Amino acid sequence: MSRSRALDRRLNPYREDLAAAHLRGEVNADRFEEGRDMQVVAGQLSLLREPRPDAPMDTQLLFGEVFRVYEDKSGWAWGQSAQDDYVGYVAREGLAPKPSKPTHSVAALRTFIYPEPDLKTRPATPVSMNGLVTVIAAKGDYSRIDRGGWIFTQHLSPVGAHARDFVSVAQEFLGVPYLWGGRDSLGLDCSGLVQMSLERAGISSLRDTDMQEATLGEALPAPIDFTTLKRGDLVFWKGHVGIMRDDQWLIHANAHHMRVAEERLDIAMSRIARGEHGHVTSIKRLTSLRS
């Protein structure tokens with residue numbers, strides 16, 4: 001087996017014809033590129049498996065995040081997210097050169113970039129929680145950002161200032177529609193909810209459920225004693241994940257309700273066991289969380 005096959009293509013930028021320069025010697029490719037960093041200037045940018053509008057969406061990039069581009073061709077950029085290392089294609093029009101260093105992140109579930117420091121001005125560009133901005137001035141209740149436009153200052157938090165409780169953050173998403181690959185407040189999937197909630201609390205997380213199960217927290221010993229669950233425990237199935245609100249209730253973005261919902265864990269487990277996800281595979285506890 002070649003070393004190329006051993007690397008997860010979701011997290012390692014390589015194809016038969018092109019690969020990132022840092023993978024030289026690890027993968028086979030016709031050419032290697034250093035790549036260049038660009039910044040997302042759309043409210044959200046879909047990251048797709050192929051360079052076509054109807055291709056499957058694996059995740060989304062948020063305003064202000066950095067995307068390292070290895071190929072810029074026919075309106076599509078192929079590269080890797082600096083936020084969580086995910087690899088794919090994005091529409092080139094949603095990127096701008098020369099990324100700026102962010103000073104603030106969006107702390108509200110959703111906010112808007114206005115052309116003037118006035119809530120009545122249009123058009124207003126929506127930006128989701130965890131979007132990144134560089135504030136260069138202030139006027140009244142609004143902050144001016146370097147990419148142009150104004151954001152309501154109370155919706156921003158200085159970079160490095162985090163929410164204390166990621167479970168409370170997850171609850172802010174209750175009712176948001178389920179969207180496969182979604183990662184913002186207009187729609188998100190189960191692992192997107194976990195990633196977004198943890199990120200707001202200053203905890204880095206990979207994107208997909210299997211990645212999160214392999215890297216987050218410490219597994220409760222088997223056989224699992226479901227009477228010992230605590231707030232913030234992550235419950236994993238094959239291809240699904242949820243967050244415990246307390247010792248009995250689960251918060252999860254799911255295709256049964258087609259939204260982010262709170263549901264008793266025993267009810268969710270019974271229903272999920274009859275479907276494609278089967279039985280709980282593990283429960284991970286984030287022991288580093290503050291009480």
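Our subject is the structure that appears above.
Here the structure is a predicted model, which is why all the values come from computation and not from measurement. (Residues numbered from 1 in each chain as written. Predicted model: local features only at pLDDT ≥ 70, side-chain atom pairs only at ≥ 80, totals over all residues. Heavy atoms only, no water.)

Undergrad: Could you give an account of the overall build of the protein chain, naming the residues involved and the relevant values?
TA: Within the protein chain, the regular secondary structure consists of five helices and 25 strands. Computed over the C-alpha atoms, the radius of gyration of the protein chain is 20 Å, within 12% of the 19 Å expected from 2.2 N^0.38 for a compact globule of 291 residues. Each of the three principal axes of the protein chain carries a C-alpha extent, and together these read 60 × 50 × 35 Å. When each of the 291 residues of the protein chain is scored for burial, the buried share is 49%. Total accessible area computed for the protein chain in this model is approximately 14300 Å², and 50% of it derives from carbon and sulfur atoms. Of the charged side chains in the protein chain, 36 are positive and 38 negative, and the gap between their average positions amounts to 2 Å. (Helix = DSSP H or I, 4+ residues; strand = E, 2+ residues; numbered from the N terminus. Rg over C-alpha atoms; globule rule 2.2 N^0.38 Å. Buried < 20%, exposed > 50% of the residue type's maximum accessible area, 1.4 Å probe, protein only. Areas by Shrake-Rupley, 256 points an atom, 1.4 Å probe, with all protein chains shown as cover. Lys, Arg positive; Asp, Glu negative; His and termini not counted. Charge placed at Lys NZ, Arg CZ, Asp CG, Glu CD.)

Undergrad: So what's going on with unusual backbone geometry? Residues and values would help.
TA: The omega torsion across R122 and P123 is 0°, close enough to zero to call that bond cis. That bond from A222 to P223 is cis: its omega, -5°, falls within 30 degrees of zero. For S74, which is not glycine, the phi torsion reads 55° and is therefore positive. Judged by relative accessible area, which is 68%, S74 ranks as exposed.

Undergrad: So what's going on with the environment of R200? Which residues, and what values?
TA: Of note, R200 is situated in helix α3 (residues 190-200). On a C-alpha basis, the gap between R200 and D189 in space is 17 Å, while along the polypeptide they are 11 residues apart. Those residues within four positions of R200 in sequence are excluded, and the remaining contacts are V106, A107, M129, N130, S157, A161, H162, A163 and V169. (Contact = heavy atoms within 4.5 Å.)

Undergrad: Quick one: what's the story with the sheet that holds strand β20 (residues 218-219), residue by residue and with numbers?
TA: Strand order in the open sheet formed by six strands is β20-β25-β21-β22-β23-β24, with antiparallel pairing between adjacent strands. With one partner strand each, in any of the chains shown, β20 and β24 (259-264) form the two edges of the open sheet. Two elements, strand β21 (residues 234-237) and strand β25 (residues 282-285), share three bridges in a ladder whose sense is antiparallel. Along β25, the bridge assignment pairs L234 with K284. Lying on the sheet, α3 is in contact with β21, β22 (240-244), β23 (249-254) and β24; it crosses β22 at an angle near 45°. (Pairing = 2+ DSSP bridges. Axes fitted to C-alpha atoms, helices over the stretch in contact; angles between N-to-C directions.)

Undergrad: Before we move on, could you go through the pattern of salt bridges and cite the residues and values that matter?
TA: Under the counting rule described, the total for this entry stands at 22 salt bridges. A salt bridge links E71 to R15; the shortest N-O distance between them is 3.0 Å. Of this pair, E71 sits in strand β6 (residues 66-73) while R15 sits in the loop between α1 (3-6) and β1 (18-20), and the two are 56 residues apart along the sequence. A relative accessible area of 14% places E71 in the buried class. Through salt bridges with shared partners, one network takes in D8, R10, D208 and D210. (Salt bridge = Lys/Arg side-chain N within 4 Å of Asp/Glu carboxyl O.)

Undergrad: Talk me through the packing of aromatic side chains; I want residue IDs and the actual numbers.
TA: The full count for this structure, using the stated rule, is five aromatic pairs. Ring geometry for Y142 versus F152: centroids 5.9 Å apart, planes at 65°, classification edge-to-face. Residue Y142 is located in strand β15 (residues 142-145), and its partner F152 is located in strand β16 (residues 150-152); the two are separated by 10 residues in the primary sequence. By relative accessible area, Y142 is classed as buried at 10%. With relative accessibility at 22%, the residue F152 sits in the partly exposed group. The ring of W78 carries R15 above its face, with NZ or CZ at 4.4 Å from the centroid. (Phe/Tyr/Trp six-rings, centres within 6.5 Å; stacked < 30°, edge-to-face > 60°. Lys NZ or Arg CZ within 6 Å of the ring centre and 35° of its normal.)

Undergrad: Got a sec to walk through the sheet that holds strand β14 (residues 135-139)? Specific residues and values, please.
TA: Taken together, three strands build an open sheet; the order of strands is β14-β15-β16 and the sheet is antiparallel. The strands lining the two open edges of the sheet, one partner per strand, are β14 and β16. Taken over all neighbouring pairs, the strand axes of this sheet differ in orientation by 35° on average, direction set aside. Both β14 and β15 contribute to a ladder of four bridges, which runs antiparallel. Directly across from V135, in β15, lies its bridge partner I145.

Undergrad: Account for the side chain of R15, naming residues and giving values.
TA: Here R15 falls in the buried class, since its relative accessible area comes to 13%. At 2.9 Å, the side chain of R15 and the side chain of D17 are in polar contact. Of note is the side chain of R15, whose polar atom sits 3.0 Å from the side chain of Y89. In this structure R15 touches R9, N28, A29, E71, W78 and Y89, once residues within four positions along its chain are discounted. (Polar contact = N/O pair within 3.5 Å; in protein donor to acceptor, adjacent residues only side chain to side chain.)

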